[in-house]
Each structure stands twice: as C-alpha cells, then as structure tokens.
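Now for the letters of each chain:
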Amino acid sequence: MQVLDIQGYSYEPSEGLLRTLNRSLVTSGGWIIDRRPISSTNYEFTLEIELRFVLDLYAGVIASGVELTRANHLAFTDLCTCRLHLRGSSELRQIIGIRLEVCFLSQQGSNALLHPGYSVA
C-alpha cells in the first residue's frame, strides 16, 4: 500500500477545524484509522482511501480550512493524475494510506514565522 505523508497548517481554532476536517475525511470516502493529538498545537489523522476518491479527499481537506505547502499540493495532484490514467476498476480501488498532520498556528506561533530557521512541520 502506498502511504502519503501530508503536513498542513491552519490559523483557525482547532476545535471547529477538527470537527469540519473529520467530517470531510469521512464524507470523501476515507476510513479514519487513528486520530490523535501529537502536541498542544499539532494533530494527526491516519486514514485510508480508495484511489478513485482521492480528488474528493483533496477538495475536502482544502475546504475544511487546512493550508498545504506546495510539496503537499503536488503530492495530492500526482495522485489525482494517476487516478485519471488508470482504466480498470480494480486499479481505481487501490487503497492509499495517508498520514495528515495539522499544525494550529496561534498568534504567538505566527510571530515565530518571522524568525529565521523556523519551520511549520
């Protein structure tokens, strides 16, 4: 099984965004395997999804308010492109594992972005 590591961030309050994101992951066809806080500002979802539903998942993550880096957008679009070129239904039913980590940037955290050497992930 292919596994995709996605890191994102949000300035939204964590309670509302986590509720919206959880709903988006499930309604897009994903199976949430695990969800847990990593720290006071980071939360992790582990999920599986059929390749044919990856575009719905991508749209759901963005619509829920999670911001992605350029590399993570490219990783999602690569999967969407793969989906377009597969013909058989068995290929489209291939399961993709995704580990989605969301960092919640507070006002204090966003000030740290101005300092050299700071990274979101």
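About the cut-offs
- Residues numbered from 1 in each chain as written.
- Predicted model: local features only at pLDDT ≥ 70, side-chain atom pairs only at ≥ 80, totals over all residues.
- Heavy atoms only, no water.
- Buried < 20%, exposed > 50% of the residue type's maximum accessible area, 1.4 Å probe, protein only.
- Helix = DSSP H or I, 4+ residues; strand = E, 2+ residues; numbered from the N terminus.
- Pairing = 2+ DSSP bridges.
- Phe/Tyr/Trp six-rings, centres within 6.5 Å; stacked < 30°, edge-to-face > 60°.
- Expected span 1.5 Å × (residues − 1).
- Arc of directions from axis to C-beta.
- Salt bridge = Lys/Arg side-chain N within 4 Å of Asp/Glu carboxyl O.
- Contact = heavy atoms within 4.5 Å.
- Axes fitted to C-alpha atoms, helices over the stretch in contact; angles between N-to-C directions.
- Core = buried A, V, L, I, M, F, W, Y, C linked by side-chain atoms within 4.5 Å.

The next thing to look at is the pairing of strand E3 (residues 42–50). Looking along a regular strand, one sees side chains alternate from face to face of the sheet. Within E3, seven of the nine residues are buried, leaving the element largely enclosed by the surrounding structure. Between the end of strand E2 (residues 31–37) and the start of E3, which pair antiparallel, lie four residues. Two strands pair when backbone bridges link them, and E3 and strand E5 (residues 95–104) are joined in this way by nine bridges, in the antiparallel orientation. When the bridges of E5 are listed, Tyr 43 appears paired with Val 102.

Another point: the packing of aromatic side chains. A complete count under the given rule lists three aromatic pairs for this structure. Aromatic pair Tyr 43 and Phe 45: ring centres 5.4 Å apart, planes at 55 degrees, arrangement tilted. With relative accessibility at 17%, the residue Tyr 43 sits in the buried group.

Attention now goes to helix H1 (residues 14–27). Owing to its 3.6 residues per turn, the α-helix aligns residues three or four sequence positions apart on the same side. Helix length check: H1, at 14 residues, gives a terminal C-alpha distance of 20 Å against a target of 20 Å (1.5 Å per residue), a fit within 8%. Within the sequence span of H1, burial applies to Leu 17, Leu 18, Leu 21, Ser 24 and Leu 25. Down the axis of H1, the sector holding all buried residues measures 130 degrees, keeping them to one side. For H1, exposure combined with an orientation more than 90 degrees from the buried face picks out Glu 15, Arg 19 and Thr 27. One or two residues past the end of H1 sits Gly 29, with phi positive at roughly 105 degrees.

The next thing to look at is the pattern of salt bridges. What the rule picks out here adds up to seven salt bridges. Put simply, Glu 50 and Arg 52 hold a salt bridge, and the shortest N to O gap is 2.5 Å. Through salt bridges with shared partners, a single network forms among Asp 5, Asp 34, Arg 36, Glu 44, Arg 99 and Glu 101.

A word on the sheet that holds E3. Taken together, the five strands give an open sheet; going across it, the order is E2-E3-E5-E1-E4, and neighbouring strands pair in mixed fashion. Both outer strands of the open sheet, E2 and strand E4 (67–68), are each paired with one neighbouring strand and no more. Sitting on the sheet, H1 is in contact with strand E1 (2–10), E2, E3 and E5, with an inclination near 170 degrees to E5. This element, helix H2 (residues 54–63), spans E3, E4 and E5 of the sheet and lies at about 160 degrees to E3.

Attention now goes to the side chain of Ser 28. Relative to the assigned elements, Ser 28 resides in the loop between H1 and E2. Ser 28 gets classed as buried once you look at its relative accessible area, which sits at 5%. In this structure Ser 28 touches Ile 49, Phe 53, Asp 56 and Leu 57, once residues within four positions along its chain are discounted.

The next subject is the pairing of E5. Of all 10 residues in E5, eight are buried; the element is thus mostly enclosed. Examined bridge by bridge, E1 and E5 share nine bridges and lie parallel to one another. Each bridged residue has a counterpart across the sheet, and for Val 3 the counterpart in E5 is Gly 97.

On to the nonpolar core, then. Formed by 26 residues in total, the largest nonpolar core has its most connected members in Phe 76, Ile 98 and Leu 100. Counting only elements with at least two residues in this core, the list comes to E1, H1, E3, H2, helix H3 (70–85) and E5. Considering each element in turn, this core owes the most residues, five residues, to E5. Beyond its immediate stretch of four places on either side in the chain, Ile 98 contacts Leu 4, Ile 6, Phe 45, Thr 46, Leu 47, Ile 49, Leu 57 and Phe 76.

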